[in-house]
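Breakdown of the fold
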Amino acid sequence: MINLYGLELKKLQALLTEYGQKPYRAIQLYTWIYEKKVTSFDEMSDVSLSFREILNRDFCLSLPKIHTKQVSSDGTVKLLLELEDGYKVETVLMRYNYGNAVCVSSQVGCNMGCSFCSSGILGKQRNLLPHEMVGQVLTINNLLKEEGRGQHVTHIVVMGTGEPFDNYDNVMDFIRIVNAQKGLAIGARHITVSTCGLPDRIREYAKEGLQTNLAISLHAPNNELRNKLMKINKVYPLEVLFPAIKEYEQIAGRRVTYEYLLLEGINDTKECAEELIKLIKGTNGYVNLIPYNETNKNDYKRSSGNRVHTFLDILMKNGVKATIRKEFGSDIDAACGQLKAKVGDQK
Ligand code: SAH
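The environment of the ligand is formed by 18 residues, the closest being E163, S194, S217, H219 and N293. Within the backbone of C196, one N or O atom sits 3.5 Å away from an oxygen atom of the ligand. At a separation of 2.6 Å, an oxygen atom of the ligand approaches a polar side-chain atom of H219. When isolated, the ligand has an accessible area of 530 Å², and the protein chains bury 93% of it. Where the shell around the ligand is concerned, the elements lending two or more residues are β10 (191–195) and β12 (257–262). Residues of the shell around the ligand, tallied by class, amount to 9 nonpolar, 7 polar and 2 charged.

Here the focus is the domain arrangement of the protein chain. Under the domain assignment, the protein chain is made up of domain 1 (2–60) and domain 2 (65–343). Placing a centre on the C-alpha atoms of domain 1 and another on those of domain 2 gives a separation of 33 Å. Each partner contributes to the interface: domain 1 provides 11 residues, whereas domain 2 provides 12 residues. Here domain 1 meets domain 2 over a buried area of about 1,100 Å², counting both sides, of which 68% is carbon and sulfur. Connecting domain 1 to domain 2 are 1 salt bridge. Measuring nitrogen to oxygen at the nearest pair gives 2.7 Å for the salt bridge that ties K11 to D173. Seen at the junction of domain 1 and domain 2, the total is 1 residue pair in polar contact (both at pLDDT 80 or more). Counting residues per element, the side of domain 1 that touches domain 2 draws most heavily on helix α2 (residues 24–35), at 5 residues.

Moving on, we come to the sheet that holds strand β14 (residues 322–324). Strands sit in the order β3-β4-β5-β6-β9-β10-β11-β12-β13-β14 across an open sheet of 10 strands; the sheet is mixed. The open sheet terminates on both sides in strands that have one partner only, identified here as β3 (65–71) and β14. Direction aside, the axes of adjacent strands within the sheet are offset by 20 degrees on average. Relative to strand β11 (residues 213–217), β10 runs parallel, the two being bridged by 4 bridges. Along β11, the bridge assignment pairs S194 with A215. Contacts from helix α6 (residues 199–206) reach β10 and β11, with the element oriented near 170 degrees to β11. In this fold helix α11 (residues 305–317) packs onto β12, β13 (286–291) and β14, with an angle of close to 165 degrees to the strand it touches most, β14.

The rules we used
Residues numbered from 1 in each chain as written. Predicted model: local features only at pLDDT ≥ 70, side-chain atom pairs only at ≥ 80, totals over all residues. Heavy atoms only, no water. Near = heavy atom within 4 Å. Polar contact = N/O pair within 3.5 Å; in protein donor to acceptor, adjacent residues only side chain to side chain. Areas by Shrake-Rupley, 256 points an atom, 1.4 Å probe, with all protein chains shown as cover. Helix = DSSP H or I, 4+ residues; strand = E, 2+ residues; numbered from the N terminus. Nonpolar A, V, L, I, M, F, W, Y, C, P; charged D, E, K, R; others polar. Domains from an automatic or database assignment. Contact = heavy atoms within 4.5 Å. Buried area = accessible area lost by both parts, 1.4 Å probe. Salt bridge = Lys/Arg side-chain N within 4 Å of Asp/Glu carboxyl O. Pairing = 2+ DSSP bridges. Axes fitted to C-alpha atoms, helices over the stretch in contact; angles between N-to-C directions.

Here it is in structure tokens:
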């Protein structure tokens with residue numbers, strides 16, 4: 001069975017042609033599933049009965065199952081979703097005053113092995129397929145609909161479990177589906193992909209012609225420290241990563257966000273702030289400082305509020321634009337992989 005939620009418009013058009021259907025059928029189907037939000041082919045009244053039979057035979061419209069749901073006192077919702085083969089992934093709804101953002105996972109587990117992150121502990125089990133990423137957004141949309149306040153998902157950050165650029169093609173299909181005018185119509189500027197820094201993929205992403213955002217998980221201003229925190233840096237050190245970022249800025253005409261996690265006594269010193277300024281000066285990016293969510297899987301400590309503000313001040317005084325990331329759901333295992341680790345079965 002082909003899950004219709006996983007088909008990017010052009011691929012759907014091509015597939016329908018194989019079924020002897022006209023390409024306009026693809027728009028018609030998109031309108032039914034994303035605009036009119038029907039969940040069965042039988043409701044598609046302007047699709048011929050004979051084609052509806054074919055749709056019922058070869059296609060499906062299924063969503064992941066909600067395995068666990070946690071709701072924070074700040075309204076943040078964290079779901080553990082179960083996929084068809086039993087693997088589970090986390091999805092988070094964050095409510096900002098400007099809209100509803102979903103943090104989407106792109107893989108089951110992760111192979112990047114960052115030392116501070118719980119998602120990578122078991123390695124990557126598999127890539128998520130486009131319909132499994134679209135399914136995360138649709139499931140959150142359904143929750144919002146049940147709340148009855150006329151709200152829906154307005155922003156997407158691909159910052160959940162997994163390295164999106166290690167699942168590049170599926171993530172690009174996902175982006176095209178949620179961004180499509182006849183799809184979920186989420187504006188490109190409201191979509192952000194976060195990567196630990198794979199230079200070839202950054203260059204490829206630059207050429208996609210998308211107006212989506214790119215965030216780089218930097219977390220350290222020099223190779224020595226970054227090697228300790230993110231083993232991907234041993235493969236793609238800063239002198240390899242930065243030319244790709246500069247090329248991205250030129251080709252895509254967009255500036256990047258540098259994510260910088262603050263770990264007490266590790267990367268939050270004045271020296272680190274000064275090194276960071278030098279490192280990113282030649283780019284137009286700005287820095288998003290992230291308070292670390294502590295886990296019991298390692299000894300890293302979250303930097304104190306004072307140290308975070310001192311770090312921020314040094315950046316700002318030197319003309320580097322920086323903000324402190326707003327925190328959500330600190331009472332519900334908000335850090336990557338924490339809810340899944342807590343549920344604790346093999347998948
Ligand atoms: N692999 C991608 C996207 C997933 S991780 C990437 O590396 O960007 C999303 C972000 O969460 C990354 O910046 C990651 O470094 C950060 N992160 C991981 N564990 C965290 C924790 N315990 N507290 C806060 N941020 C964390």
